[in-house]
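Observations on chain architecture
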Amino acid sequence: MAENNAQNLEVLDLNEILRVRREKLETLKNKGKNPFEKVKYDRNAYSQDIKDNYADYEGKTVGIAGRLVSKRVMGKASFAVILDGKGTIQSYLSINDLGEDYTAFKDYDIGDIMGITGKVFTTRTGEISIHAESIELLSKSLLPLPEKFHGLKDEDTRYRQREIDLIANPEVKKTFVARSKILSAIRRHLDSVGYLEVDTPVLQPLEIGAAARPFKTHHNALDIDMYLRIETELYLKRLIVGGFDKVYEVGRIFRNEGMDRSHNPEFTTVEMYEAYSDYIDMMNLIENMYRSITEEVCGTTLINYQGTEIDMGKPWERLTMVEAVKKYAGVDYNDWKTDEDARKVAKERGVEVEEGEKATKGHVLIAFFDEYVEKNLIQPTIIYDYPVENSPLAKRKPSNPAFTERFEYFIYAREMGNAFSELNDPIDQKERFVKQVEEKRAKGGNDAKIDEDFITALEYGLPPTGGLGFGVDRLVMLLTDSASIRDVILFPTMKPIKK
């Protein structure tokens, strides 16, 4: 009962605040001072630049603008703290300098956006400040910032109303500035080694046979169902067929699946393809890229993620999946003469294999990897030579057709990216697509189809090609020490609030 009464009081308080703020706005409008009519303010300085270069700014007149986040009114003089695009700075305001504008300032609310012109000085307590010579209300905040918005912790509010999160938590903005720098560094690195950035369709005419579930929509003009892409791979490889030697795309991807701390239905990937190369070339490319990006963004290749030191500078460990399972599970794939031998070992070790009695040695190897290996891959590690059973787009190893020239790389026990020596045999590719579609339809994916246009492209001839894709969001998590993918996506997917 007491809790309900408190909630009712909060609603009443909020309604009163909303009423008062709207009355203030109406008063301003009636005086011909509608703050929403402002179209420009001559800002020529930022808070942090003034603080970092005080000797250059001392005594000079500057124009700053931002959100009022605190005020201290003391009669004929007041202090105000402004939050701008780079941080906060204090301003000293007095009735002697501002006249009627000072009286108007007393009615400003926390959250209002204002401009201040004045001289840079240091207070007696040593705080760098602006001595206001003129002020202007640039936009009225009709909603109050959340109580205790400084250091706001409530995750639902933070993710649902990112704008409030950015106001309340300065470190959040730093994360997204770092994200932008990471994307720029990725592009610079790939551009520097001869790759060309391209764009491919987000809306696609069919649901391909890959395991991920797509989002489905309808194109009214064409009267056809379409699907948001679950990858950029097939179109990019068609460009290699068309004569581009090195292409990449920074692409938004959509998968109609679950959410957790490392998965969001909408996320960003980088996929790249290089003609006349293989998966070894991709290993070297990604290792060099990660090292370069980490150094550029973090200033060092030795980083700390969630309390664990990660060394991005050392050569990455490289193990085949067979070697990794032997190292961490103590079982050797080469000892299994038949599929039945493999299933028997799995049963003895309590390792579940989804395929049951149909499980092959490859299926069992994958199951052992998932159970025993991945959790141990803390430092950057490349796992390569995957069974053909879970690699429908990778080229078989000439020396052992049961395996493919595929690798994934792991950091902090998390898969970060995936690469192949691309399958370019159209006959083999179609057979694998058929099997993939059958498996998906068996699980309820009745719209799944073979991408015949891609098969046709392969029939024209795809040169030997190395391809690699990785998730940008997971890389940003790593380099910004963020525990959840929601911390590195500005507006993560959220369930709507019922009103």
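The following paragraphs examine the structure supplied in this document.

**Observations concerning the sheet that holds strand β10 (residues 224-228)**
The strands that make up a sheet are held in pairs by hydrogen bonds between backbone atoms, and each pair lies either parallel or antiparallel. Spatial ordering of the open sheet is given by β7-β10-β9, a layout of 3 strands whose pairing is antiparallel. Sheet topology places β7 (203-204) and β9 (216-219) at the edges, where each strand pairs with a single neighbour. Summarising the sheet, β7 and β10 pair through 2 bridges and their orientation is antiparallel. Counted as the bridge partner of Q204 is Y227 from β10.

**Regarding the side chain of S91**
Checked against the element boundaries, S91 lands in strand β3 (residues 88-94). Polar contacts involving the side chain of S91 include one to the main-chain carbonyl oxygen of I130, which spans 3.0 Å.

**Points about the packing of aromatic side chains**
Tallying each qualifying case throughout the model produces 16 aromatic pairs. Judged by centre distance (6.1 Å) and plane angle (40°), the rings of W336 and F368 are tilted. One end of the pair, W336, is in the loop between α11 (321-329) and α12 (339-349); the other, F368, is in helix α13 (residues 361-373), and 32 residues separate them in sequence. For the pair W336 and F368, a shared accessibility class is recorded, and that class is buried.

**What about the nonpolar core?**
In terms of nonpolar packing, the biggest core is built from 41 residues, with I186, M272, Y290, F407 and F470 touching the most fellow members. Ranked by the residues each element gives to this core, the list is headed by helix α10 (residues 279-298), at 8 residues. Look past the residues within four positions of F407 in its chain and what remains in contact with it is Y279, M282, M283, I286, I382, I383, Y384, Y386, G417, N418, A419 and L468.

**A word on the packing of α12 against α13**
When two helices pack together, their arrangement is given by the angle between their axes and by how far apart the axes lie. Closest axis-to-axis distance for the α12/α13 pair is 8 Å, and the angle between their directions is 25°. Considering the angle they form, α12 stands roughly parallel to α13. α13 is crossed by α12, and the crossing has left-handed handedness. Contact with α12, carried on its side by D339, A342, R343, V345, A346 and R349, involves K361, V364, F368 and Y372 of α13 and no other residues of that element. Per-class residue counts for the contact of α12 with α13 are 6 nonpolar, no polar and 4 charged.

**A short note on the sheet that holds strand β1 (residues 61-73)**
Strand order in this closed barrel of 5 strands is β1-β2-β3-β5-β4, and the pairing throughout is mixed. Averaged over all pairs of adjacent strands, the angle between strand axes in this sheet comes to 55°, irrespective of strand direction. In this sheet, β3 lies alongside strand β2 (residues 77-83) in antiparallel orientation, the contact comprising 7 bridges. Residue A77 lies in a different strand from β3, and its bridge partner there is S94.

**Details of the environment of A185**
Relative to the assigned elements, A185 resides in helix α8 (residues 170-192). By relative accessible area, which is 2% here, A185 ends up buried. As for A185 and I303, which are separated by 118 residues in sequence, their C-alpha atoms are 17 Å apart. Every residue in contact with A185, bar those within four places of it in the chain, is listed here: I293 and E296.

**As for a nonpolar patch on the surface**
On the surface, a cluster of nonpolar side chains totalling about 250 Å² of accessible area is made up of L14, I17 and L143. Given the relative accessible area of 37%, L14 is considered partly exposed.

**Some words on the pairing of β10**
Here β9 pairs with β10 via 4 bridges, running antiparallel. In the sheet register, H218 faces β10, and the bridge partner there is D225. In sequence, β9 turns back onto β10 through a hairpin of 4 residues, with D223 there showing a positive phi of about 55°.

**Considering a negative patch on the surface**
A contiguous patch of negative charge on the surface is contributed by D339, E352, E354, E355, D370, E371, E389, E438 and E439. Relative to the helices and strands, E354 resides in the loop between α12 and α13. With a relative accessible area of 76%, E354 lands in the exposed category.

**Things to note about helix α15 (residues 452-460)**
Turning to α15, its buried residues are F454, I455, A457 and L458. When α15 is viewed along its axis, its buried side chains cluster within an angular range of 155° and face the same direction. The exposed residues of α15 that point more than 90 degrees off its buried face are E459 and Y460. Packed against the buried residues of α15 are α9 (233-241) and α14 (426-442). Its side-chain oxygen 3.2 Å from the backbone nitrogen of D453, D451 forms the N-cap of α15.

**A look at empty space enclosed by the protein**
By the definition in use, this model includes 1 cavity of 30 Å³ or more. Considering only enclosed or pocket space, the largest cavity measures out at about 60 Å³ in volume. Contributing to the lining of the largest cavity are Q204, L206, E207, I208, P214, Y227, L228, R229 and I230. Contributing elements (two or more residues each) for the lining of the largest cavity: β8 (207-208) and β10. Taken together, the residues that form the lining of the largest cavity break down as 6 nonpolar, 1 polar and 2 charged.

**Let's talk about the side chain of R432**
With respect to the helices and strands, R432 occurs in helix α14. In terms of polar contacts, R432 uses its side chain to reach the backbone carbonyl oxygen of S391, at 2.9 Å. When near neighbours in sequence (up to four residues on either side) are disregarded, R432 contacts V388, S391, P392, L393, A394, R396, T404 and L423.

**As for α13**
Here α13 spans 17 Å end to end across 13 residues, near enough to the 18 Å set by a 1.5 Å rise per residue. Burial within α13 is extensive, with 11 of its 13 residues counted as buried. Residues of α13 that are buried: K361, G362, H363, V364, L365, I366, A367, F368, F369, Y372 and V373.

**Focus: unusual backbone geometry**
One non-glycine residue with positive phi stands out, namely D385, at about 60°. Within the fold, D385 resides in strand β16 (residues 381-387).

What counts as what
- Residues numbered from 1 in each chain as written.
- Predicted model: local features only at pLDDT ≥ 70, side-chain atom pairs only at ≥ 80, totals over all residues.
- Heavy atoms only, no water.
- Pairing = 2+ DSSP bridges.
- Helix = DSSP H or I, 4+ residues; strand = E, 2+ residues; numbered from the N terminus.
- Polar contact = N/O pair within 3.5 Å; in protein donor to acceptor, adjacent residues only side chain to side chain.
- Phe/Tyr/Trp six-rings, centres within 6.5 Å; stacked < 30°, edge-to-face > 60°.
- Buried < 20%, exposed > 50% of the residue type's maximum accessible area, 1.4 Å probe, protein only.
- Core = buried A, V, L, I, M, F, W, Y, C linked by side-chain atoms within 4.5 Å.
- Contact = heavy atoms within 4.5 Å.
- Axes fitted to C-alpha atoms, helices over the stretch in contact; angles between N-to-C directions.
- Parallel < 35°, antiparallel > 145°, perpendicular 65-115°, else oblique.
- Left-handed = near helix turned anticlockwise from the far one by under 90°.
- Nonpolar A, V, L, I, M, F, W, Y, C, P; charged D, E, K, R; others polar.
- Patch = residues over 30% accessible without salt bridge, like charges linked within 9 Å, V, L, I, M, F, W, Y side chains within 5 Å.
- Areas by Shrake-Rupley, 256 points an atom, 1.4 Å probe, with all protein chains shown as cover.
- Salt bridge = Lys/Arg side-chain N within 4 Å of Asp/Glu carboxyl O.
- Lys, Arg positive; Asp, Glu negative; His and termini not counted.
- Charge placed at Lys NZ, Arg CZ, Asp CG, Glu CD.
- Arc of directions from axis to C-beta.
- 1 Å grid on protein atoms, 1.4 Å probe; cavity = no way out; pocket = protein on both sides within 12 Å on 5 of 7 lines; lining within 4 Å.
- Points joined across faces, edges and corners; volume = space filled by probe spheres on them.
- Expected span 1.5 Å × (residues − 1).

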